[in-house]
Protein chains: 2
Amino acid sequence: MKSTLRIVLVGTQHPGNIGSAARAMKTMGLYELHLVRPHKFPHPEATALAAGATDLLDSAVLHESLADAVADCHFVVGTSSRRREVPLPEYLPRQAAEQLLQAGMSGNAALVFGCERTGLENEDLQRCHATVCIPANPEYASLNLAAAVQVLAYEFRMAMLASGTRQETVSISLADPDEAPASHEDMERFFGHLTELMEHVDFHKGRAPEIVTSRLRRLYLRAQMDKREIKILRGLFSDTQRMLRISQKQQTEK
Amino acid sequence: MKSTLRIVLVGTQHPGNIGSAARAMKTMGLYELHLVRPHKFPHPEATALAAGATDLLDSAVLHESLADAVADCHFVVGTSSRRREVPLPEYLPRQAAEQLLQAGMSGNAALVFGCERTGLENEDLQRCHATVCIPANPEYASLNLAAAVQVLAYEFRMAMLASGTRQETVSISLADPDEAPASHEDMERFFGHLTELMEHVDFHKGRAPEIVTSRLRRLYLRAQMDKREIKILRGLFSDTQRMLRISQKQQTEK
């Protein structure tokens, strides 16, 4: 049984870690590996450490950006080794696995790992609906990349095996189950439209827009919107803009 | 918090694996490493791969036999990659972790790993009270030694965190923990404001507003908004209304 969980490794520095991660994935039944700007790939060290999982390296998909790697995903979880200022929902591995499993039933779900030294950048976390943190020893929390992949892939496999035997999976779906979930692209177009509207009504008044923008991104991402909700809100934005344009046009015509 | 679980590695062939296993242990808060007839130890490769966990290598206890390594233990679980003829209870990792935690409260408990190529010998399994098997992908079940240690140590840590120290477990907070959550009143005022704006821009165009309104309520309620987010969005509504009023006023004045 092949699951639909996509593993995305962003900016991996050591090719050996890509190989070890592929091995960890395959032992847990995961096959979809996506790589964003790996420093060296393909590479003999990756191949060596993948052992019997070189098929995952052969089929790995390369991307220029995380946005590209998750464009068709509607649920994206970023791994984080510590609490961040970005207050996304923060799950334990077991909870994250259940959420990812559930999300994977109605579309593509992705689990994203940052580079070895610094983890995911805040910019990358902005593309995530939630984060997951392995509750490591506070005195020494240094799991290597493949170890983190192993633990999370293991939890995903356990969730998958449990759902197969249980059948009555816990329904944690936040959005309307009858509506198609919004894709990453839908969300980006929505944010683009919102930004446009904010400029139109001079919301920022000279202040830097970043803080407000990131707060609103967070709000709408964690809500896991469906396509219908996006349509309603974008309809509201369009009506507002149309109304403003009519008024402004009449104004210039006077 | 140091736990009482002892990790015993029997006949490890590659010293690097001892180092990686030590690292995996320490990330999960385990410190007691026992080695039975390692092929090469101490060794620079073990030290290199232990990263910040070399203290575990320094304090590792060497033994001539498994019998010696578990002499003072009253509960011993052997890891196994497959079902054996040995008629022992076979646990999943989560169950094994709970059993080991329980046993560790009244004495010494040990988790034993065999050598890389063949795993534990039947003779070693005879010294175990139970076995544990990680339910790996049947098409590729090749977890390396450190990966197996990582998964089992992780489950032990989860069991430990779940048992005594509940306050240490991470709660799932949806909204920013530093911001006060929106009250029921805040939400109702927010919905009132949103409704007003929708009427202002003639969003409904004669259709009954109930369906759209209830969809938007659901969206914003499930997001569990905080007061700051409400403030931002209501600010946006006000700016929009102000802009519309200015335009419309100028229009009537013309």
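Residues numbered from 1 in each chain as written. Chains lettered and ligands numbered in written order. Predicted model: local features only at pLDDT ≥ 70, side-chain atom pairs only at ≥ 80, totals over all residues. Heavy atoms only, no water.

Colleague: Looking at this structure, I do not really get the overall build of chain A. What am I missing?
Modeller: Looking only at helices and strands, one finds ten helices and seven strands in chain A. Considering only contacts within chain A whose residues lie at least 6 apart along the sequence, 86% involve residues at least 24 apart. Put simply, chain A shows about 10,600 Å² of open surface, and 52% of that area lies on carbon and sulfur atoms. (Helix = DSSP H or I, 4+ residues; strand = E, 2+ residues; numbered from the N terminus. Contact = heavy atoms within 4.5 Å. Areas by Shrake-Rupley, 256 points an atom, 1.4 Å probe, with all protein chains shown as cover.)

Colleague: Is there a simple way to think about the sheet that holds strand S6 (residues 108–113) of chain B in this case?
Modeller: In sheet architecture, strand pairing relies on hydrogen bonds along the backbone and comes in two forms, parallel and antiparallel. Residue and element names in this part refer to chain B. One open sheet accounts for seven strands, arranged S3-S2-S1-S6-S4-S7-S5; its pairing is parallel. Strands at the two margins of the open sheet, each flanked by one partner only, are strand S3 (61–63) and strand S5 (90–91). As judged from the three bridges shared by strand S4 (residues 73–79) and strand S7 (residues 130–132), these two strands associate in the parallel manner. By the bridge assignment, Val77 is partnered in S7 with Ala130. Taken strand by strand, helix H7 (residues 145–163) contacts strand S1 (5–10), S4, S6 and S7, and its axis lies near 150 degrees from that of S6. (Pairing = 2+ DSSP bridges. Axes fitted to C-alpha atoms, helices over the stretch in contact; angles between N-to-C directions.)

Colleague: I would appreciate a short explanation of the pattern of salt bridges in the present structure.
Modeller: Throughout the structure, instances matching the rule amount to 23 salt bridges over all chains. Among the ionic pairs, Lys205 of chain A bridges to Asp239 of chain B, the shortest N-O distance being 2.6 Å. On the criterion of chain membership, the pair formed by Lys205 of chain A in the loop between helix H8 (184–200) and helix H9 (210–222) and Asp239 of chain B in helix H10 (residues 227–253) is interchain, its members lying in two chains. For Asp239 of chain B, a relative accessible area of 8% puts it in the buried group. Its salt-bridge partner being Asp72 of chain B, residue Arg6 of chain B comes within 2.8 Å of it at the nearest N-O pair. Highlighted residues: Arg6 of chain B in strand S1 and Asp72 of chain B in the loop between helix H4 (66–69) and S4, separated in sequence by 66 residues. (Salt bridge = Lys/Arg side-chain N within 4 Å of Asp/Glu carboxyl O. Buried < 20%, exposed > 50% of the residue type's maximum accessible area, 1.4 Å probe, protein only.)

Colleague: Got a minute to help me understand the domain arrangement of chain A in this structure?
Modeller: Quite often, the size of an interface is put as the accessible area lost when its parts meet. Residue and element names in this part refer to chain A. Per the domain assignment, the segments making up chain A are domain 1 (5–166) and domain 2 (184–253). Its C-alpha centre places domain 1 at a distance of 32 Å from the equivalent point of domain 2. At the interface, 14 residues of domain 1 touch nine residues of domain 2. When domain 1 packs against domain 2, the two sides together hide about 1,000 Å² of surface, and 54% of this comes from carbon and sulfur. Broken down residue by residue, the surface that domain 1 buries against domain 2 is led by Gln126, Arg127 and His129, which jointly contribute 46%. Across the domain 1-domain 2 interface, the total number found is one salt bridge. A salt bridge links Arg127 to Glu188; the nearest nitrogen and oxygen atoms lie 3.4 Å apart. There are five residue pairs in polar contact (both at pLDDT 80 or more) connecting domain 1 and domain 2. (Domains from an automatic or database assignment. Buried area = accessible area lost by both parts, 1.4 Å probe. Polar contact = N/O pair within 3.5 Å; in protein donor to acceptor, adjacent residues only side chain to side chain.)

Colleague: What should I look at first to understand the side chain of His74 of chain A in this one?
Modeller: All names here are of chain A. The topology assignment puts His74 in strand S4 (residues 73–79). The buried category is assigned to His74, whose relative accessible area is 11%. Among all residues touching His74, those that are not within four sequence positions of it are Ala103, Ser106, Gly107, Asn108, His129, Pro181, Ala182 and Ser183.

Colleague: Help me understand the sheet that holds strand S2 (residues 32–36) of chain A, please; the structure alone is not making it clear to me.
Modeller: Residue and element names in this part refer to chain A. Sheet architecture is open: seven strands sit in the order S3-S2-S1-S6-S4-S7-S5, paired in parallel fashion. Bordering the open sheet on either side are strand S3 (61–63) and strand S5 (90–91), each of which pairs with just one other strand. Where S5 and strand S7 (residues 130–132) come together, two bridges link them in parallel fashion. When the sheet's bridge partners are listed, Glu90 is paired in S7 with Thr131. Sitting on the sheet, helix H1 (residues 15–27) touches strand S1 (5–10) and S2, and the angle it makes with S2 is about 155 degrees.

Colleague: Would you take a moment to explain the interface of chain B and chain A for this structure?
Modeller: Listed by partner, the interface residues are 75 residues for chain B and 78 residues for chain A. In this assembly, chain B packs against chain A so that about 6,600 Å² is buried in total across both faces, 60% of it on carbon and sulfur atoms. Interface area lost by chain B to chain A is led by Tyr140, Arg215 and Arg222 of chain B, which between them contribute 11%. Linking chain B to chain A there are five salt bridges. Residue Glu229 of chain B pairs with Arg222 of chain A through a salt bridge whose shortest N-O separation is 2.9 Å. In this assembly, chain B and chain A are joined by 25 residue pairs in polar contact (both at pLDDT 80 or more). Elements that contribute at least two residues to the side of chain B that touches chain A include exactly helix H1 (15–27), helix H5 (93–104), H7, helix H8 (184–200), helix H9 (210–222) and H10 of chain B. Ranked by residue count, the leading element in the side of chain B that touches chain A is H10 of chain B, at 15 residues. Its residues assigned to classes, the side of chain B that touches chain A comprises 39 nonpolar, 17 polar and 19 charged. (Nonpolar A, V, L, I, M, F, W, Y, C, P; charged D, E, K, R; others polar.)

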